[in-house]
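# A closer look at the structure
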Amino acid sequence: MSETAQKQAAFFAGILPLRLPAPRAAVAFAPSNIALGKYWGKRDDTLNLPCNSSLSVSLGSMGTTTKVSPANAQKDEVIFNERALEAENPFASKILRFTSLFRQGQTIPLRIETENSIPTAAGLASSASGFAALVSALDAAFSLDLSKEQQSCLARIGSGSATRSFWQGFVRWDRGNLQDGTDSYAVPLHATLPEFRIAIIPVDTGPKSQSSRDGMNHTVSSSPLFSSWPDRAEADCKIIEQAIMERDFVMLGETAEANALAMHATMMAARPALCYLKHESWRALETLWSARKDGLQAYAPMDAGANVKLIFLQDQEADIKSLFPNATIIEPFRER
């Protein structure tokens, strides 16, 4: 076992019981999320410990539903969007590797059925909702009754952003300070904003040219701008949380957009440069910025992908639909 695998296995062993009981069938849903204060850069790559805290908002019913049940055959089965995958498939391999960490060496063949209502690897955090749903389903299947904080910690090993996909609404992921990673998990903010809206403007729904994990590592190791990013991002996260609690949407939007653009600047300064945004992405941003001069209150917290995400309040929805007729509008605080 590699040093990385040993460290991750030890982390799981510190949270899970030594022996898992026999599983039963269990289903769980987890929403995807969009970071308003970004996570970009790790202080520990093996345990996915971030350099700074981050804050997100969920995408309501847009996310992942996962069912875990005992396998009929004596081997694991992975079904993605009703299609059986070979164990060597990259998606299945990632899921099974994580599940093996959860089982801690026990031979418990599982059938894992996953359905996404969002494009996988298209910059919409499908891996975040995927690992959150998987952990929730595993917790229920093995009747573990882990706390949400413990589940958040475990899901972090699969995808850092998965820490924030256990709740609807606004969620903050604390960076933590302990080297063992046990204090780096997400918590929901006790604040709602029913008029809050998200627009997703599709630009490229195919796989990204470089995964977020690889892009993040490349930025950290080669961008001369990265050294100033963690402190700035931590400060932005606090401002965004304050704006949410004070219901100051302009402060929230301006800070979220500035934070996103600063993140993209660190990528573009990397050697060689990394840019997820495409011509159509920039064109949408220019349309937004032009309309904002005329009074539109909408902002773009761009993730590591080409698709454009906008945040705005309900009274701006007609203008957003007029400017971006192909946009999908999401109400994160609407009951699922």
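Check the entry above for the structure.
Let us look at the structure shown here. None of the values given here were measured: they were computed from a predicted structure.

## Examining the packing of helix H7 (residues 249-268) against helix H8 (residues 279-293)
Closest axis-to-axis distance for the H7/H8 pair is 15 Å, and the angle between their directions is 145 degrees. Once H7 is placed against H8, the crossing between them reads as left-handed. Counted together, Glu257, Leu261 and Met268 of H7 and Trp282, Leu288, Trp289 and Arg292 of H8 form the full contact between these two elements. In terms of residue class, the contact of H7 with H8 is built from five nonpolar, no polar and two charged.

## A few points about the packing of aromatic side chains
Evaluated as defined, the whole model comprises twelve aromatic pairs. Summarising the aromatic geometry, the rings of Phe12 and Phe98 are spaced 5.4 Å apart at their centres and angled 75 degrees between planes, so their arrangement reads as edge-to-face. Here Phe98 lies in helix H2 (residues 90-103) and Phe12 lies in helix H1 (residues 3-13), a separation of 86 residues in the sequence. Ring geometry for Phe102 and Phe142: centres 6.2 Å apart, planes at 25 degrees, overall stacked. Note that Phe102 is positioned in helix H2 and Phe142 in the loop between helix H3 (126-141) and helix H4 (148-158), a separation of 40 residues in sequence.

## Quick look at H7
For H7, spanning 20 residues, the distance from its first C-alpha to its last is 28 Å, which sits close to the expected 28 Å at 1.5 Å a residue. Taken together, the buried positions of H7 are Phe249, Leu252, Gly253, Thr255, Ala256, Glu257, Asn259, Ala260, Met263, His264, Thr266 and Met267.

## A word on the pattern of salt bridges
Side chains that carry opposite charge are capable of pairing whenever their charged atoms lie near each other. Taken as a whole and assessed by the stated rule, the structure comprises 16 salt bridges. Linking Arg232 and Asp236 is a salt bridge whose minimum nitrogen-to-oxygen distance equals 3.0 Å. Taken as a pair, Arg232 and Asp236 lie in helix H6 (residues 229-245) at a separation of four residues, close to a single helical turn. By relative accessible area, which is 42% here, Arg232 ends up partly exposed. Between Glu257 and Arg292 there is a salt bridge, and its shortest N-O distance comes to 2.8 Å.

## Observations regarding the sheet that holds strand S13 (residues 328-330)
Read from one edge to the other, the open sheet built from four strands follows the order S11-S12-S10-S13, with strand pairing classed as antiparallel. Strands with a single pairing partner mark the edges of an open sheet, and in this sheet they are strand S11 (298-299) and S13. Sheet topology places strand S10 (residues 196-201) next to S13; three bridges connect them, and they run antiparallel. Of the residues in S13, the one forming a bridge with Ile198 is Ile330.

## Re the layout of surface pockets
As a volume, the second largest pocket reaches approximately 230 Å³. Around the second largest pocket sit Lys75, Asp76, Glu77, Val78, Ile79, Ala84, Leu85, Glu86, Ala87, Leu96 and Arg111, which together line it. Looking at the lining of the second largest pocket, the elements that each hand over two or more residues are strand S5 (77-80) and strand S6 (83-85). Looking at the lining of the second largest pocket element by element, the count peaks at three residues for S5.

## Description of H1
Each α-helix winds once per 3.6 residues, and so residues spaced three or four apart point in a common direction. Listed in full, the buried residues belonging to H1 are Ala5, Gln8, Phe11 and Phe12. Burial along H1 is one-sided: seen end-on, the buried residues are contained in an arc of 125 degrees. Where the residues of H1 are buried, they touch H2 and H4.

## Some remarks on the packing of H2 against H4
Between H2 and H4, the least distance of the axes is 10 Å, while the angle of their chain directions is 140 degrees. The angle between H2 and H4 places the two elements in the oblique class. In the packing of H2 onto H4, the handedness of the crossing is right-handed. Residues Lys94, Phe98, Leu101 and Phe102 of H2 lie in contact with H4, whose contacting residues are Leu154, Ala155, Ile157 and Gly158. Residue composition of the contact of H2 with H4, grouped by class: six nonpolar, one polar and one charged.

## Focus on the environment of Asp319
Relative to the helices and strands, Asp319 resides in helix H9 (residues 317-323). Take Asp319: its relative accessible area is 43%, and that puts it in the partly exposed class. Linking Asp319 and Ala298, residues 21 residues apart in sequence, is a C-alpha distance of 9.9 Å.

## Describing the nonpolar core
With 56 residues, the main nonpolar core has Phe12, Phe102 and Leu154 as its most contacted residues. With eight residues, the top contributor of residues to this core is H3. In this view, Phe12 contacts Phe98, Leu101, Phe102, Gln104, Leu154 and Ile157; residues no more than four positions away in its chain are not counted. Val57, Leu189, Leu193 and Leu252 belong to the second-largest nonpolar core, a separate cluster that totals 25 residues.

The rules behind these values
- What you see as residue numbers is a count from 1 along each chain, following the sequence as written.
- With the structure being a predicted model, the display of local features is reserved for residues of pLDDT at least 70 and the display and counting of side-chain atom pairs for 80 or more, all residues being used for whole-chain, interface and lining totals.
- As a rule here, side-chain values come from all non-hydrogen atoms in the structure, and water together with hydrogens is ignored.
- A fitted line through C-alpha atoms serves as each axis, taken over the contacting stretch for helices, and the angle formed by two N-to-C directions is quoted from 0 to 180°.
- Helix numbering and strand numbering both begin at the N terminus, where a helix is a DSSP run of H or I of at least 4 residues and a strand a DSSP run of E of at least 2.
- In a left-handed crossing the near helix is turned counterclockwise from the far helix by less than a right angle, and in a right-handed crossing that turn is clockwise.
- Should any heavy atoms of two residues lie within 4.5 Å, those residues are considered in contact.
- Classification used: nonpolar for Ala, Val, Leu, Ile, Met, Phe, Trp, Tyr, Cys and Pro, charged for Asp, Glu, Lys and Arg, polar for all others including Gly.
- Only rings of Phe, Tyr and Trp enter the pairing, Trp through its six-membered ring, and a pair is recorded when the two centres are within 6.5 Å. The plane angle decides the type: under 30 degrees is stacked, over 60 is edge-to-face, the rest tilted.
- Multiplying 1.5 Å by the helix residue count minus one yields the expected span of that helix.
- The buried label goes to any residue with under 20% of its type's maximum accessible area, the exposed label to any with over 50%, and the partly exposed label to all in between, with areas taken from a 1.4 Å probe on protein chains only.
- Here a salt bridge means any side-chain nitrogen of Lys or Arg lying within 4 Å of a carboxyl oxygen belonging to Asp or Glu.
- Being paired, for any two strands, means DSSP has found at least two bridges between them.
- Lining residues are those with an atom within 4 Å of a point, where the points come from a 1 Å grid over the protein atoms alone and group into cavities, where a 1.4 Å probe fits but cannot get out, or pockets, open sets with protein on both sides within 12 Å along at least five of seven lines.
- Grid points are joined across faces, edges and corners, and a volume is the space filled by probe spheres set on the points.
- When we speak of the arc, we mean the arc of directions from the helix axis to the C-beta atoms.
- The cut-offs work like this: below 35 degrees is roughly parallel, past 145 is roughly antiparallel, 65 to 115 is roughly perpendicular, and the gaps in between are oblique.
- What is meant by a nonpolar core is a set of buried Ala, Val, Leu, Ile, Met, Phe, Trp, Tyr and Cys residues, joined one to another through side-chain atoms within 4.5 Å.

By themselves, these are just geometric observations and shouldn't be taken as functional.
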